[in-house]
Amino acid sequence: MTQQHPLLAPIYAPGSEPYPPGTTQDEKDEVRKIQNWTKQMNMVMESCPTKVVMAGGMGFLLGGFFAMMSASFAIEDPMSRASQELRDQGMKGQAKHMFKEMGRNMWTSGKGFAKVGALYSGTECCIEAYRAKNDIWNSVAGGFLSGAILARNAGPKAMVGGGLAFAGFSAAIDWWLRKAPAEEP
């Protein structure tokens, strides 16, 4: 019996490789179910609404985390009127005030980060779907539109400046994420 050279073996499309000998029909059906489920999950994860919700949720968590971390550095001026009132409340009152203030700041910061993340993700995803390409220009255009929308209340000049700044930041991040990893020695 002669063996076939590995380079001459047939090439199969992903997901259509032959099953090993002895595979039952039930096992084949189970593999097909898993492949269909994986395909459906990939479609859901690549949809624009899912990306927007995920970006908004992660932005909310990140903004809340940053606010919580910055609260540990916020020191009240001991000579201020608020400090005098807090000193009279005792340790429990001071802790209650500190946690209430930290929660308020976490909520505010989280909402801001969520808004920016969802806005950018949505515009970039819509542009990518319209262009039917996945390249750096989607990030640049999405960044420009997002920056302009975020600066809309400050006037046209600020919209252009905000758009350019956000587009530059988006391009830098996208370029860094897309660059080929350095080869290991």
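Residues numbered from 1 in each chain as written. Predicted model: local features only at pLDDT ≥ 70, side-chain atom pairs only at ≥ 80, totals over all residues. Heavy atoms only, no water.

1. Description of the overall build of the protein
Helix and strand content of the protein: five helices and zero strands. The linear arrangement of helices and strands in the protein, starting from the amino end, is α-α-α-α-α. The proportion of buried residues among the 185 residues of the protein is 20%. Counted over contacts in the protein with a minimum sequence separation of 6, partners at least 24 positions apart contribute 51%. (Helix = DSSP H or I, 4+ residues; strand = E, 2+ residues; numbered from the N terminus. Buried < 20%, exposed > 50% of the residue type's maximum accessible area, 1.4 Å probe, protein only. Contact = heavy atoms within 4.5 Å.)

2. A look at a nonpolar patch on the surface
A surface patch of nonpolar side chains, amounting to about 520 Å² of accessible area, comprises Leu62, Phe65, Phe66, Met68, Met69 and Phe113. Top element by residues in the nonpolar patch is helix α2 (residues 48–71). It accounts for five residues. Within the secondary structure, Met69 sits in helix α2. Given the relative accessible area of 37%, Met69 is considered partly exposed. (Patch = residues over 30% accessible without salt bridge, like charges linked within 9 Å, V, L, I, M, F, W, Y side chains within 5 Å. Areas by Shrake-Rupley, 256 points an atom, 1.4 Å probe, with all protein chains shown as cover. Salt bridge = Lys/Arg side-chain N within 4 Å of Asp/Glu carboxyl O.)

3. Some details on the packing of helix α4 (residues 136–150) against helix α5 (residues 156–178)
As a packed pair, α4 and α5 sit with axes 7 Å apart at the nearest point and diverge in direction by 150 degrees. Judged by the angle between their axes, α4 and α5 are roughly antiparallel. Once α4 is placed against α5, the crossing between them reads as right-handed. Residue-level contacts link Ile136, Ser139, Val140, Gly143, Phe144, Ser146, Gly147, Ala148 and Leu150 of α4 to Met159, Val160, Gly162, Gly163, Leu164, Phe166, Ala167, Ser170, Ala171, Asp174, Trp175 and Arg178 of α5. (Axes fitted to C-alpha atoms, helices over the stretch in contact; angles between N-to-C directions. Parallel < 35°, antiparallel > 145°, perpendicular 65-115°, else oblique. Left-handed = near helix turned anticlockwise from the far one by under 90°.)

4. Remarks on unusual backbone geometry
Its identity as a non-glycine residue notwithstanding, Ala132 has a phi of 60 degrees, on the positive side. If you trace the backbone, Ala132 turns up in the loop between α3 (81–131) and α4.

5. Describing the state of the cysteines
Across all of its chains, the model carries one disulfide by this definition. Here Cys48 pairs with Cys125 through a disulfide, and the sulfurs are 2.0 Å apart. The disulfide joining Cys48 to Cys125 has a torsion of about -90 degrees about its S-S bond and is therefore left-handed. Of this pair, Cys48 sits in helix α2 while Cys125 sits in helix α3, placing them 77 residues apart in sequence. With a relative accessible area of 5%, Cys125 lands in the buried category. (Disulfide = S-S within 2.5 Å.)

6. Digging into α4
Relative to the 21 Å expected for 15 residues at 1.5 Å per residue, α4 spans 21 Å between its end C-alpha atoms, a close match to the ideal helical length. Of the residues making up α4, those classed as buried are Asn138, Ser139, Val140, Gly142, Gly143, Ser146, Gly147 and Ala148. (Expected span 1.5 Å × (residues − 1).)

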